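# Architecture at a glance
Each chain is listed here by its residues.
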Amino acid sequence: MNADFITVLWKEWKEIVLERSASGAGSYRPLILVAVLGIFVPFKMPPERFFSAAQLLLPTFLSAFVITAVIADSFAGERERHTLETLLASRLSDRSILFGKIAASMAYGWLMSIACIVAGTITVNVVNWHGEILIYHDAASWLIIALGPPLMGGLIATVGVLVSLHAATVRQAQQTLAVGFMVVMFGIIFGSTMLPAEWRIWFGKILFTWSQANLALAAASVILAIDLALLGAVMARFQRARLVLD
Amino acid sequence: MTELAIQAQGLTRTFGAVRALDDLTVEVPAGSVFGFLGPNGAGKTTTIRLLLGLIEPTSGSAKVLGFDTRTQGDEIRARSGALLEHSGLYERLSAEDNLRFYGRVAHMPKAQLEQRIQELLTHLGLWDRRKDAVVKWSRGMKQKLAIARPLLHRPGLVFLDEPTAGLDPVAAASLRDDLAALASRQGATIFLTTHNMAEAEKLCNLVAVIRQGKLLAVGSPADLRSRGGGQRTEISGRGFSDTMLAALRQQADVSQASVENGRLMLVLKDGASAAPVVSLIVREGGEVQEVRSGQGSLEDVFLTLMDEEHKS
């Protein structure tokens, strides 16, 4: 299982990197993202704001957004390019294929978010250099750096698998995921204003009374629970006999 | 007793109201090249999927390399190679990486894998282009690579689903030669589906004909030719009228008579002489310039079987 998982991960990683380094505008997209979020935005930002836990939500969501494209290509693309049945006719188990693909997508998203954080840290230090290195200093920030991208990535990756298995093409899967992602984001932002007053007061109390580290841990726990539930659904759906007949 | 690579007993698979495979009973001896012939939609791909344990039969059973397809699909897939309907190549990856991936899937030791990749790519004339992304290759080159992939780990059984489909005649002939050489060198059992009769005749030592999920005939190409084809006689000349054709069809020794491209095409019963037929043509006012007789090809047998099944 482990060797097969690594083999699938290796193949997926090569495909992700080669797809994005192929000729055309696509090859610059990751660099543009890192340049904007890792250099341009931090360049204009005061250090105390850049090194705040809330600011880390940006690379966390970036990681999730990047995964929507990669995961659709990995699952819907494999079927669209007619390589899935050959893969299923091999000795690989369903789980090695599933976990190898999810892990590769998540690793790519995580790498992108870490690249933005590292580039941003260097940029802020260069712009505001006073003889000492500036760095994240609170527990909440480190918790978000460590847990945010993988947990959000896992959430998007599992939703992405479910969407991709139902989509006819990569483009359809990517569009469904991108639109769904936007709807959820705007839903969270604007939906909070529509909540009943008592609920808003209750959330407000939590936000102001809990420490940022506790808030990060609570959010991580909720997302982890959702991740596990979605993973269960994905494992139930990703069955060889069903995929062949799809 | 001959060792069997595949043993199917009453294998049936339905998809809703459609009976894709109907009571297939067939045995494939180990080490043979078995041709599974049939038109599009005959049930060839469904059979391969069933034998690989990718889908379950509605009824019946099959053993592949001694393993039950219902419960031991993993064992079958670990010991076999398959080129399915599509090449299954990752076109962004290089030829080397495509083979490396499937070699790793088969748990081949690294040194052995690298040596085998070199051996196969060299044999197929692809070694110099091994680092190119497959997307840049011609269709013929891709198909050669696709055939190399299931042979990589030297499996005991290889399924090839229409390996030369879509290739031009030159590329197809070259691929057939490569396939024959690789098969004989490796000594594996090959289960080949095709609707190219010349290909089956050249490569297979055992063939089965299937239509609408039903097995119509099974045997060696020579057996089938002698069993169902009859004796083909082609007569060049002039004056082949409809009256003459009607008269020929009434002869006891004539199974079929038709005019194709100005030539009179006859199927005579086995052992029948062409002389009385030629006399009849001359009596009916026809002019005979050349008479050619011979055993029917596998294609003739195939078409006859399809025709008989269609009529029944």
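Residues numbered from 1 in each chain as written. Chains lettered and ligands numbered in written order. Predicted model: local features only at pLDDT ≥ 70, side-chain atom pairs only at ≥ 80, totals over all residues.

Counting its secondary structure elements, chain A contains 11 helices and zero strands. Starting at the N terminus and walking to the C terminus, you meet the elements of chain A as α-α-α-α-α-α-α-α-α-α-α. In terms of overall size, chain A behaves like a compact globule, its C-alpha atoms giving a radius of gyration of 20 Å where 246 residues would be expected to give roughly 18 Å. Overall, chain A is about 60 × 45 × 30 Å in size when its C-alpha atoms are taken along their principal axes. Going through the 246 residues of chain A one by one, you find that 37% of them count as buried. Taking contacts inside chain A between residues at least 6 apart in sequence as the whole, the part at least 24 apart equals 88%. (Helix = DSSP H or I, 4+ residues; strand = E, 2+ residues; numbered from the N terminus. Rg over C-alpha atoms; globule rule 2.2 N^0.38 Å. Buried ≥ 20, exposed ≤ 12 C-beta atoms within 10 Å, placed from the backbone. Contact = placed C-beta atoms within 7 Å.)

Glancing now at the overall build of chain B. Counting secondary structure elements, chain B contains 11 helices and 14 strands. With respect to the three principal axes, the spread of C-alpha positions in chain B is 75 × 45 × 40 Å. Out of the 312 residues belonging to chain B, those deemed buried represent 40%. For chain B, the share of sequence-separated contacts (at least 6 apart) that also reach a separation of at least 24 residues comes to 70%.

Counting residues at the interface gives 21 residues for chain A, matched by 22 residues for chain B. Elements with a contribution of two residues or more to the side of chain A that touches chain B: helix H1 (2–21), helix H5 (84–88) and helix H11 (240–245) of chain A. Looking at the side of chain A that touches chain B element by element, the count peaks at eight residues for H1 of chain A. A breakdown of the residues in the side of chain A that touches chain B according to their chemical character gives eight nonpolar, five polar and eight charged. (Nonpolar A, V, L, I, M, F, W, Y, C, P; charged D, E, K, R; others polar.)

Three- or four-residue spacings in an α-helix give side chains the same orientation, since the helix completes a turn every 3.6 residues. All names here are of chain B. With 13 residues, helix H5 (residues 139–151) should cover 18 Å at 1.5 Å per step; its first-to-last C-alpha distance of 19 Å lies within 8% of that length. Burial of H5 is extensive: 10 of the 13 residues sit out of reach of the surface. When we look at burial in H5, the residues that qualify are Lys142, Gln143, Lys144, Leu145, Ala146, Ile147, Ala148, Arg149, Pro150 and Leu151. (Expected span 1.5 Å × (residues − 1).)

Moving on, we come to the sheet that holds strand E3 (residues 33–37) of chain B. Residues and elements named next belong to chain B. Here six strands make up an open sheet; going across it, the order is E6-E7-E8-E3-E9-E10 and the pairing mixed. Strands at the two margins of the open sheet, each flanked by one partner only, are strand E6 (80–83) and strand E10 (214–219). Across the sheet, the axes of successive neighbouring strands diverge by a mean angle of 15°, strand direction being ignored. Taken together, the four bridges between E6 and strand E7 (residues 157–161) define a ladder with parallel strand orientation. Within E7, the residue paired with Ser80 across the bridge is Leu157. Against the sheet, helix H1 (residues 44–51) contacts E3, E7, strand E8 (189–194) and strand E9 (206–211), and its axis sits at roughly 155° relative to E7. Sheet strands touched by H5: E6 and E7. Its angle to E6, the strand with the most contacts, is close to 165°. (Pairing = 2+ DSSP bridges. Axes fitted to C-alpha atoms, helices over the stretch in contact; angles between N-to-C directions.)

Another point: the environment of Ala157 of chain A. Residue and element names in this part refer to chain A. Within the secondary structure, Ala157 is located in helix H7 (residues 139–166). Assessed through the 28 C-beta atoms surrounding it within 10 Å, Ala157 is described here as buried. Sequence separation of Ala157 and Ala119 is 38 residues, and the distance between their C-alpha atoms is 25 Å. Sequence-distant contacts of Ala157, that is, excluding residues within four places in its chain, are made with Ile67, Ile71, Ile102, Ser105 and Met106.

Parsing chain B into structural domains produces domain 1 (4–220) and domain 2 (230–295). Centre-to-centre, using C-alpha coordinates, domain 1 of chain B lies 42 Å away from domain 2 of chain B. (Domains from an automatic or database assignment.)

All names here are of chain B. Reading across from one edge, E2-E1-E4-E5 is the order of the four strands in this open sheet, with antiparallel pairing throughout. Each having just a single partner strand, strand E2 (18–29) and strand E5 (67–68) make up the two edges of the open sheet. Packing of H1 onto the sheet brings it into contact with strand E1 (4–15), E2 and strand E4 (59–64), and relative to E2 it is tilted by some 65°.

With that settled, the discussion passes to unusual backbone geometry. Residue and element names in this part refer to chain B. Positive phi, normally seen in glycine, also occurs at Leu65, with a value near 55°. Positionally, Leu65 belongs in the loop between E4 and E5. The phi torsion at Arg154 lies on the positive side, around 50°, for a residue other than glycine. Here Arg154 shows up in the loop between H5 and E7.

All names here are of chain A. With 22 residues, helix H8 (residues 170–191) should reach 32 Å at 1.5 Å per residue; the first-to-last C-alpha distance of 30 Å fits that figure. Among the residues making up H8, those that are buried are Val170, Ala173, Gln174 and Leu177. The arc that holds the buried residues of H8, viewed along the axis, is 100°, so those residues lie on one side. In H8, those exposed residues whose orientation departs by more than 90 degrees from the buried face are Val179, Met182, Val183, Phe186, Gly187, Phe190 and Gly191. Tucked into the core, H8 has its buried residues touching helix H4 (57–80) and H7. (Arc of directions from axis to C-beta.)

Attention shifts here to the nonpolar core. The nonpolar side chains of a soluble globular protein tend to be buried with one another. Residue and element names in this part refer to chain B. One finds Phe34, Phe191 and Leu192 to be the most contacted residues of the largest nonpolar core, which totals 115 residues. Setting aside anything within four residues of it in sequence, one finds Phe191 in contact with Ile6, Val28, Phe34, Phe36, Leu157 and Phe159. Among the nonpolar cores identified, the runner-up in size contains 11 residues, and Ile235, Val254, Leu266 and Leu268 belong to it. (Core = buried A, V, L, I, M, F, W, Y, C linked by C-beta atoms within 7 Å.)

Further remarks concern the pairing of strand E13 (residues 263–268) of chain B. Residue and element names in this part refer to chain B. The side-chain alternation of E13 yields one buried face, formed by Leu264, Leu266 and Leu268, and one unburied face, formed by Arg263, Met265 and Val267. For strand E11 (residues 231–238) and E13, the ladder comprises five bridges, and the chain directions are antiparallel. Within the sheet, the bridge partner assigned to Thr233 lies in E13 and is Leu266. As paired strands, strand E12 (residues 254–260) and E13 are joined by six bridges and run antiparallel to one another. Within the sheet, the bridge partner assigned to Val259 lies in E13 and is Leu264.

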